[in-house]
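The chain contents come next:
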Amino acid sequence: MNFPGTLGELRHSPFSEQKLKTRRVKDELRDNLVVKLREGAPVFPGIVGYDDTVVPQIVNAILSRHNFILLGLRGQAKSRILRALTSLLDTETPYIAGCEIHDNPYSPICRRCRDLIAKCGDATAIAYLRPEERYVEKLATPDVTIADLIGDIDPIKAARGGHELGSELTVHYGLLPRANRGIFAINELPDLAGKIQVGLFNIMQEGDVQIKGYPIRLPLDVALVFSANPEDYTARGKIITPLKDRIGSEIRTHYPATVEEGIAITTQEAWIRRDGYRLHVPKYVQEVIERIAFAAREDKKIDKRSGVSQRLPISCVENVVSNAERRAIRHDETLVVPRIGDVYAAMPAITGKLELEYEGEMKGADHVGRELIRAAIVKTFDGFFKSTDMNQVVQWFDLGGEIQLADTASAVEALQSLRGIQGLMEKLVKLNVGPKDAAETQVSAAEFVLEGLHAHKRIGRNEERVFKAGEKPPKPVEKPFERDEPPFRSRRPFN
Ligand SMILES: [Zn+2]
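Nothing here was measured: the structure is a model prediction, and the numbers come from that model.

Some remarks on the coordination of the zinc ion
Each donor-metal-donor angle would ideally measure 109.5 degrees in four-coordinate tetrahedral geometry, or 90 or 180 degrees in six-coordinate octahedral geometry. Protein coordination at the zinc ion: the donors are Cys99 (SG), Asp103 (OD), Cys110 (SG) and Cys113 (SG), at 2.2 Å from the metal. Each of the four donor atoms around the zinc ion contributes to a set of angles spanning 95 to 128°, which defines the coordination as tetrahedral. Read in sequence order, the donor residues coordinating the zinc ion give the pattern C-x3-D-x6-C-x2-C. Exposure class is identical for Asp103 and Cys110. Each is buried.

Okay, structure coming up:
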């Protein structure tokens, strides 16, 4: 399609003055959202687990033409949702060609464009913006200045053009004016200095702002969206009250509510399909990885305020697949099947994503990481084998049986030794694994059973990954009956 190139042509196109002159960004978001809702199309494709919670609240905020804020811990897809808002913008948006702040051809706010239209009239050139060009994002930090965000007086511009300082023609625009007629996202809003928040508020409320003492009028058309950590946002004094008042909706994000949802997100985001191999990630491996994040979010050794990002299971599964891939390359196997041993080998993808509390720091990140993996294995194992009698397998070890399962051991080699453990291989039916499956698959499943028994402390395992009999707990010694204090103490009255 050929788009109109001048203001005169634009007037007689679908981008008519009647349609565009007063249509603000928030109207546009709303109109396009309504169309999507009517069609029954998903509003944010690819955002998993928010269908009944976050998405309806965002929809309401947009229908209400609100500026809004997403409150949530890290790794809860906040930035992703904000970026996805561009899917609610028109596919093409006309503006006055060459304008730094993308002026509306029918109601320009900058001096340059008003002068230009006065001079050229209907011959004024028109250019177009795509949705992604109308999205500006800024991570708030304490050193962000008014100049960064709103603009600065540019003395060189003034000298060159022969303008007065403080004339609109001497302003070097900051990020916010450059987001005019689009979406401006500020991440971690509470980190913005109070003075900058005031500037932001003035622009939102009055459409003017002072730059170096000169009043500048900028009635911008911007949909403002923010994100913040809930604790920072609600802390007194972090956000100036008038700004808070102008944020129409406050929407809380959350981590996936169920392990299934977590797995769905992780599977969608992680890079695991690699060339040259067939890959099969067993369900129990996916579940263990996901449950590490779930366990970490509950663990008191880990800082609650920063949270445990969904990027933990995502990086972890990538690393797990790589460790399995490395084994496959070494043994010339064409089927890659990760094992629980690969999860332990993925520690570098886990520890870096945990902010430890004092107690965790004392124990060390590796120790905390191993405990989390173990907790994740226990829960996953119980889901599959809760009602399965494993005594026979445990007994084999108690009678002196030992087996080494290095994460580098080839499947064929490992399978041979695993078959020697009485009662083990037939238990794998619970994992839908049988003797006809590939060796890689059988080894992974059998190793999961041993890891499960080890996590339950029913069998032992040393640093060299040798599984053997567990240490029997010492027989509880009958404690002689004694009391800390006499059972009866006569109380003396106080006075
Ligand atoms: Zn302009």
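There is more to say, and it comes next.
Overview of the sheet that holds strand β14 (residues 403-404)
Here we have three strands laid out as an open sheet, ordered β14-β16-β15, and antiparallel in their pairing. Each edge of the open sheet is held by one strand with a lone partner, namely β14 and β15 (459-461). Two elements, β14 and strand β16 (residues 466-469), share two bridges in a ladder whose sense is antiparallel. Of the residues in β16, the one forming a bridge with Ile403 is Phe467.

A closer look at the sheet that holds strand β4 (residues 135-139)
Here we have five strands laid out as an open sheet, ordered β4-β7-β10-β1-β11, and parallel in their pairing. Across the chains shown, the open sheet's two edge strands, defined by having one partner strand only, are β4 and β11 (249-252). Across the sheet, the mean angle from the axis of one strand to that of its neighbour is 20°, orientation sign disregarded. Where β4 meets strand β7 (residues 182-187), five bridges bridge the pair, whose relative direction is parallel. Its bridge partner being in β7, Lys138 is matched across the sheet by Ile186. Running over the sheet, helix α3 (residues 25-39) touches β7 and β10 (222-228) and is turned about 80° from β10.

Notes on the packing of helix α21 (residues 411-419) against helix α22 (residues 439-455)
Packing of α21 against α22 brings their axes to within 9 Å, and their N-to-C directions diverge by 50°. In this view, α21 runs oblique relative to α22, as classed from their interaxial angle. Classified by chirality, the crossing of α22 by α21 is left-handed. Taken together, the residues of α22 that come into contact with α21 (itself represented by Ala411, Val412, Ala414, Leu415, Leu418 and Arg419) are Ala439, Glu440, Gln442, Val443, Ala446 and Leu450. Residue composition of the contact of α21 with α22, grouped by class: nine nonpolar, one polar and two charged.

Details of helix α20 (residues 391-398)
Listed as buried for α20 are Val393, Val394, Trp396 and Phe397. Buried residues of α20, seen end-on, are gathered within an arc of 150° and therefore sit on one face of the element. Lining the buried residues of α20 we find β14, α22, β15 and β16. Among the residues trailing α20, Gly400 stands out with phi positive, at a value near 105°.

Things to note about the packing of aromatic side chains
A complete count under the given rule lists 10 aromatic pairs for this structure. Taking 6.1 Å as the distance between ring centres and 90° as the angle between the ring planes, the aromatic pair formed by Phe384 and Phe448 counts as edge-to-face. Of this pair, Phe384 sits in helix α19 (residues 365-385) while Phe448 sits in helix α22; the two residues are 64 residues apart in sequence, bridging distant segments of the chain. Pairing Phe385 with Phe448 gives two aromatic rings, centres 6.2 Å apart and planes at 45°, and the pair type is tilted. One end of the pair, Phe385, is in helix α19; the other, Phe448, is in helix α22, and 63 residues separate them in sequence. Residue Phe385 shares its accessibility class with Phe448, and that shared class is buried. Here a set of aromatic residues connected by ring pairs shows up, and it is made of Tyr284, Phe381, Phe384, Phe385 and Phe448. Residue placement shows Lys244 over the ring face of Tyr233; its charged tip is 4.8 Å from the ring centre.

Conventions adopted
- Residues numbered from 1 in each chain as written.
- Predicted model: local features only at pLDDT ≥ 70, side-chain atom pairs only at ≥ 80, totals over all residues.
- Heavy atoms only, no water.
- Donors = N, O, S within 2.8 Å, 3.2 Å for Na, K, Ca; no water.
- Tetrahedral: all angles 85-135°; square planar, octahedral: opposite > 155°, others 65-115°.
- Buried < 20%, exposed > 50% of the residue type's maximum accessible area, 1.4 Å probe, protein only.
- Pairing = 2+ DSSP bridges.
- Helix = DSSP H or I, 4+ residues; strand = E, 2+ residues; numbered from the N terminus.
- Axes fitted to C-alpha atoms, helices over the stretch in contact; angles between N-to-C directions.
- Contact = heavy atoms within 4.5 Å.
- Parallel < 35°, antiparallel > 145°, perpendicular 65-115°, else oblique.
- Left-handed = near helix turned anticlockwise from the far one by under 90°.
- Nonpolar A, V, L, I, M, F, W, Y, C, P; charged D, E, K, R; others polar.
- Arc of directions from axis to C-beta.
- Phe/Tyr/Trp six-rings, centres within 6.5 Å; stacked < 30°, edge-to-face > 60°.
- Lys NZ or Arg CZ within 6 Å of the ring centre and 35° of its normal.

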